[in-house]
Amino acid sequence: MNTTAVQTAAPVTVPVSTPTEAPVRVAVVIGSNREGRFGPVVADWLMSLLGERPDLAVDVIDVAATDLPTALSYDPSAEVRAELAKVTPKLAAADAFIVLTPEYNHSYPASLKNVIDWHHAEWQAKPVGFVSYGGISGGLRAVEHLRTVFAELHAVTVRDTVSFTNAGSHFDASGAHRDPEAPATALKAMLDQLAWWAKALREAKEVRPYGS
């Protein structure tokens, strides 16, 4: 009896197209408004490396460009509302934050705390990374104080930071870092953590809104 082998064609796998993941919206908060501040030098370094990350969409909030009063109000004047309009929409739209802070007297600047305190829901269930600069401590004492502040605001601070001890010695007269490899590596680690948390929390909030 003759038999005929029947070959069955292998199933064809049709690739499923998935939508491109939206970039993580990161608001960089430059936290000093001190006369002669060094912050813009560090900010320029930070922004140059953030520009190399296609997974991040970056906005900047410079506290020196705002004029918010230290007296908080539940019913701010028209002038104060105009100042808030420079800041609040950027914070609300962000998926994550990078706070750039110096260290003044073992802590962070009053100008930064003021911008933080004028807002609440804008910080909730979002990750915060830190870039700090200062003298011998590199601003790390300011960062540790900020962690407790953001915990109260239901934000998540990422573990790794970038800090510059004796910050002025690390940059030349043009603002370029003299030895860029180590801080760039530290920044990548922090940004990777920040992006992971931002995506995870964004997806979680799409399923279940955060309640405090």
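All of the points below concern the structure found in this document. As the structure is a computational prediction, the values presented were derived from the model and not from experiment. (Residues numbered from 1 in each chain as written. Predicted model: local features only at pLDDT ≥ 70, side-chain atom pairs only at ≥ 80, totals over all residues. Heavy atoms only, no water.)

### Regarding the side chain of R53
Move 1: Along the polypeptide, R53 turns up in the loop between helix 1 (39–50) and strand 2 (56–62).
Move 2: For R53, a relative accessible area of 16% translates into the label buried.
Move 3: Setting aside its immediate chain neighbours within four residues, R53 contacts K188, L191, D192 and A195. (Helix = DSSP H or I, 4+ residues; strand = E, 2+ residues; numbered from the N terminus. Buried < 20%, exposed > 50% of the residue type's maximum accessible area, 1.4 Å probe, protein only. Contact = heavy atoms within 4.5 Å.)

### So, unusual backbone geometry
Move 1: The backbone phi angle of N105 is positive, close to 50°, even though this residue is not glycine.
Move 2: Turning to its location among the elements, N105 is positioned in the loop between strand 3 (96–102) and helix 4 (110–117).
Move 3: Phi is positive for H154, which is not a glycine, with a value near 65°.
Move 4: As for its placement among the helices and strands, H154 is situated in the loop between helix 5 (140–152) and strand 5 (156–157).

### Points about helix 5
Move 1: With 13 residues, helix 5 should reach 18 Å at 1.5 Å per residue; the first-to-last C-alpha distance of 19 Å fits that figure.
Move 2: Turning to helix 5, its buried residues are A142, V143, L146, R147, V149 and F150.
Move 3: Elements in contact with the buried residues of helix 5: strand 3, helix 4, strand 4 (127–134) and strand 5.
Move 4: A positive phi of about 65° marks H154, the residue just after helix 5. (Expected span 1.5 Å × (residues − 1).)

### Here we look at the environment of R81
Move 1: Here R81 is to be found in helix 2 (residues 78–84).
Move 2: Residues R81 and D172, spaced 91 residues apart in sequence, show a C-alpha to C-alpha distance of 40 Å.
Move 3: Leave out the neighbours within four places in its chain, and R81 touches D75 and P76.

### Describing the pairing of strand 2
Move 1: Relative to strand 2, strand 1 (residues 24–30) runs parallel, the two sharing seven bridges. Looking across to strand 2, one finds that V29 is bridged to I61. (Pairing = 2+ DSSP bridges.)

### What to know about the layout of surface pockets
The method is simple in principle: a probe with the dimensions of a water molecule rolls over the atoms, and the space it marks as empty is what remains.
Move 1: When its volume is computed, the largest pocket comes out at roughly 160 Å³.
Move 2: Looking at side-chain class alone, the lining of the largest pocket contains five nonpolar, one polar and one charged residues. (1 Å grid on protein atoms, 1.4 Å probe; cavity = no way out; pocket = protein on both sides within 12 Å on 5 of 7 lines; lining within 4 Å. Points joined across faces, edges and corners; volume = space filled by probe spheres on them. Nonpolar A, V, L, I, M, F, W, Y, C, P; charged D, E, K, R; others polar.)

### Comments concerning a nonpolar patch on the surface
Move 1: A cluster of nonpolar residues, M47, V58 and V60, forms a patch on the protein surface that exposes about 180 Å² of accessible area.
Move 2: Secondary-structure assignment places V60 in strand 2. (Patch = residues over 30% accessible without salt bridge, like charges linked within 9 Å, V, L, I, M, F, W, Y side chains within 5 Å. Areas by Shrake-Rupley, 256 points an atom, 1.4 Å probe, with all protein chains shown as cover. Salt bridge = Lys/Arg side-chain N within 4 Å of Asp/Glu carboxyl O.)

### A look at the environment of G168
Move 1: Among the structural elements, G168 can be located in the loop between strand 6 (162–165) and helix 6 (181–207).
Move 2: Judged by relative accessible area, G168 falls into the partly exposed class, the value being 45%.
Move 3: Here the alpha-carbon distance between G168 and L72, two residues 96 residues apart in the chain, equals 35 Å.

### Describing the pattern of salt bridges
Move 1: Counted under the stated rule, the structure contains 14 salt bridges.
Move 2: For the salt bridge of K90 with D59, the shortest nitrogen-to-oxygen distance reads 3.8 Å. A residue pair is termed long-range when its members are at least 10 positions apart, and K90 in helix 3 (residues 88–93) and D59 in strand 2 qualify at 31 residues.
Move 3: Judged by its relative accessible area of 30%, K90 is partly exposed.
Move 4: The class for D59 is partly exposed, based on a relative accessible area of 33%.
Move 5: Put simply, R53, D55, K188 and D192 are held in one network by salt bridges that share partners.

### Quick notes on the pairing of strand 6
The side chains of a regular strand alternate between both faces of the sheet.
Move 1: Only one face of strand 6 is buried, namely the one carrying V162 and F164, since none of S163 and T165 on the opposite face is buried.
Move 2: With four bridges connecting them, strand 4 and strand 6 associate as parallel partners. Opposite Y133, over in strand 6, you have F164 as the bridge partner.

### Quick notes on the packing of aromatic side chains
Move 1: According to the stated counting rule, one finds eight aromatic pairs in the structure shown.
Move 2: Here F38 and F171 contribute two aromatic rings whose centre-to-centre distance is 5.8 Å and whose plane-to-plane angle is 65°, an arrangement assigned as edge-to-face. You can see F38 sitting in the loop between strand 1 and helix 1 and its partner F171 sitting in the loop between strand 6 and helix 6, a full 133 residues away along the chain.
Move 3: Residue classification places F38 among the partly exposed positions, given a relative accessible area of 26%.
Move 4: Ring centres 5.2 Å apart and planes at 90° place the aromatic pair W45 and F164 in the edge-to-face group. Within this pair, whereas W45 is found in helix 1, its partner F164 is found in strand 6, the two being separated by 119 residues in sequence.
Move 5: Owing to a relative accessible area of 7%, W45 belongs among the buried residues under this scheme.
Move 6: Given a relative accessible area of 2%, F164 falls into the buried group. (Phe/Tyr/Trp six-rings, centres within 6.5 Å; stacked < 30°, edge-to-face > 60°.)

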